[in-house]
Amino acid sequence: MSALLESLIELIRRASAELPDDVNAALVRSLEQEKKGTIAESALKIIERNIELAKRKSQPICQDTGSVIFYVDCPVGFDQIECEATAREAVKEATRKGFLRQNSVDSITGKNDGTNLGPGAPTVHFHQHRESTIEIRLILKGGGCENVGAQYSLPAESLHANRDLDGCRRVILDAVLQAQGRGCGPGILGVCIGGDRATGYEFSKQQFLRKLDDRNPDPKLDALEQDILKTANELGIGPMGFGGKTTLLGVKICAANRVPASFFVSISYMCWAYRRQGVVLTAGQTIGSWLY
Amino acid sequence: MISLTTPITEEAVRALKVGDEVQINGVIFTGRDAVHKYLHEGGELPPGVDLKGGIIYHCGPVMMKQADGSWNCTAAGPTTSIREEPYQAEIIGHFGVRGVIGKGGMGDRTLAGCKEHGCVYLHAIGGAAQVLAECVTRVRGVYFLEKFGSPEAIWELEVSEFPAVVTMDAHGESLHREVFAASEAALQSRL
Ligand code: SF4
């Protein structure tokens, strides 16, 4: 087995069985904030116990191990074809070992061949950089929360949302309202303002690579992120939509240019089982360090 | 914390109200899309499955077959219930179901069915696959495994202290409806 294959299998195992520290910390904080004796508190306690159990048993945190999405930052000259082939092999092997559920279905025949491989499964995004290092990040994106993602086209008259930041705020908060009770909250929003229908969703998902406690370098977007987080948590939706203080754990927003005719706001929703991990590889392609 | 043991009486169900936390003990049956459609179209329950006073769990568990032929449940979180909305109320009435476990809640037809026939909707914690699998103490059997495939089959599970919250009761109350209305109003005042 090649070093890269081994590294990728371990990346998948850890992503599936252990939440990153920043997500754990946010869940612990929300548990402290919920009123004692409420069903919101009970829900978060069960979530905590589940996280602990999955880690200890090295088993999937949630049975829906999601869409498998890799993001690879690599130097010029790196063999992307080889890397993608190895990533596919790693997914197959990780599935065999039970780190991933047999979770990929042929959309036309309805068949699930149990390998998690097929068109678009897994997805591997490559990005060249001038450094000499190889960084590979992985997100496992569950289906229940993917179903509550939304794309709004502004102006959205029924929501009084115009083509400005206030309009963006209105549609993002509407998405939070509509997602309640579905998608296993407390959730995290990844948002892209602008772009086209495809890039909008794509960039919104990339926001999930950010740590929960980072701040947006753009002051306008930073203010919008903080405002949406605060407002959403005042709505009383709570974990699982049971009512309570924790509706969202984080909001991450980016912007992309648009054509004058279009103004999309694309919102991806991530459940509390926010499975994200990443590694920096050594020269020998073993795991050098963990990114989250 | 209220303990519910199957088979459940109508009286026990009618005593429950929205927001109650329960722990379920006894036997529950999984059933999701294929099973609901099949039963709704007039399909018969396989011999050995009796839903009278029983509980249906919207779940496609992960099961591992052991060397001796028995099954071990390794993940058992709830799936989204609203997909069964077209079928659920009739199934509750026809088979005498007293509890439906799932996630995300259900709609007005199911709520009315719960009130009419004496049934409750029990919300399990979405994503808590490991905690809930630990509550499955034994897999007693499986039905329609060939017909519908493993996640869609009817699994007969023995459970102990399986945690859930009553979010739709037999008096026409729904926590989902309540929270939605309150949060919508809260949002209006913040726009
Ligand atoms: S939304 Fe997330 S936590 Fe809920 S079932 Fe899907 S993957 Fe699991």
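See the structure above.
Thresholds applied
Residues numbered from 1 in each chain as written. Chains lettered and ligands numbered in written order. Predicted model: local features only at pLDDT ≥ 70, side-chain atom pairs only at ≥ 80, totals over all residues. Heavy atoms only, no water. Core = buried A, V, L, I, M, F, W, Y, C linked by side-chain atoms within 4.5 Å. Buried < 20%, exposed > 50% of the residue type's maximum accessible area, 1.4 Å probe, protein only. Domains from an automatic or database assignment. Salt bridge = Lys/Arg side-chain N within 4 Å of Asp/Glu carboxyl O. Helix = DSSP H or I, 4+ residues; strand = E, 2+ residues; numbered from the N terminus. Near = heavy atom within 4 Å. Nonpolar A, V, L, I, M, F, W, Y, C, P; charged D, E, K, R; others polar. Phe/Tyr/Trp six-rings, centres within 6.5 Å; stacked < 30°, edge-to-face > 60°. Lys NZ or Arg CZ within 6 Å of the ring centre and 35° of its normal. Contact = heavy atoms within 4.5 Å. Buried area = accessible area lost by both parts, 1.4 Å probe. Polar contact = N/O pair within 3.5 Å; in protein donor to acceptor, adjacent residues only side chain to side chain.

> Looking at this model, I keep getting lost on the nonpolar core. Mind explaining?
Proteins that are soluble and globular tend to have nonpolar side chains buried together. Leu189(A), Trp272(A) and Ile24(B) are the most contacted members of the largest nonpolar core, which has 102 residues in total. Shared between two domains, this core takes at least three residues from each, and those domains are domain 1 (3–15 + 61–142 + 275–290) and domain 2 (144–270) of chain A. Grouped together as the second largest cluster of nonpolar side chains are 26 residues, Leu8(A), Leu11(A), Phe78(A) and Ile134(A) included.

> Can you walk me through the pattern of salt bridges in this structure?
One side chain can pair with another of opposite charge once the charged atoms of both are near each other. Across all of its chains, the model carries 33 salt bridges over all chains by this definition. Across the pair Glu225(A) and Arg210(A) runs a salt bridge, and its minimum N-O distance is 2.9 Å. Highlighted residues: Glu225(A) in helix α8 (residues 219–232) and Arg210(A) in the loop between α7 (197–206) and α8, separated in sequence by 15 residues. On the basis of relative accessible area, Glu225(A) is assigned to the buried category, the value being 2%. Judged by relative accessible area, Arg210(A) falls into the buried class, the value being 16%. In this structure, the salt-bridge partner of Glu152(B) is Arg32(B), at a minimum N-O distance of 3.7 Å. Of this pair, Glu152(B) sits in the loop between α6 (145–148) and β9 (154–168) while Arg32(B) sits in the loop between β2 (21–30) and α2 (33–40), and the two are 120 residues apart along the sequence.

> What is the right way to read the site of the ligand from this model?
Every residue near the ligand is listed here: Cys62(A), Asp64(A), Gly142(A), Gly144(A), Cys145(A), Gly183(A), Cys184(A), Cys271(A), Ala273(A), Arg275(A), Lys103(B) and Gly127(B). Across the shell around the ligand, the residue classes break down as five nonpolar, four polar and three charged. Both of domain 1 (3–15 + 61–142 + 275–290) and domain 2 (144–270) of chain A provide at least three residues apiece to the shell around the ligand.

> In this structure, what is going on with the packing of aromatic side chains? I would like to understand it.
Within a pair of aromatic rings, the relevant descriptors are the distance that separates the centres and the angle that separates the planes. Overall, the coordinates contain six aromatic pairs over all chains when judged by the stated rule. Ring geometry for Trp71(B) and Trp155(B): centres 5.0 Å apart, planes at 80°, overall edge-to-face. You can see Trp71(B) sitting in strand β5 (residues 71–75) and its partner Trp155(B) sitting in strand β9, a full 84 residues away along the chain. Measuring from centroid to centroid gives 5.3 Å for Phe144(B) and Phe148(B), while their planes differ by 70°, and the two rings are edge-to-face. One aromatic cluster in this structure is built from Tyr38(B), Phe144(B) and Phe148(B). Taking the ring centre of Trp290(A) as reference, the NZ or CZ of Arg14(A) above it sits at 4.3 Å.

> It is not clear to me how the interface of chain B and chain A should be interpreted in this structure. Could you clarify?
Accessible area lost when the parts come together is the quantity often used to give the size of an interface. Contact residues are listed per partner, giving 33 residues for chain B and 36 residues for chain A. Here chain B meets chain A over a buried area of about 3,000 Å², counting both sides, of which 64% is carbon and sulfur. Taken as a group, Ile125(B), Gln130(B) and Arg190(B) account for 21% of the area that chain B buries against chain A, more than any other trio of residues on that side. Remark: the boundary between chain B and chain A carries two salt bridges. Glu234(A) is the salt-bridge partner of Arg190(B), the closest N and O atoms lying 2.7 Å from each other. Our count for the chain B to chain A interface comes out at 14 residue pairs in polar contact (both at pLDDT 80 or more). Within the residue set of the side of chain B that touches chain A, elements represented by two or more residues are β5, α5 (129–135), β9 and α7 (175–188) of chain B. Sorting elements by how many residues they give to the side of chain B that touches chain A places α7(B) first, with seven residues.

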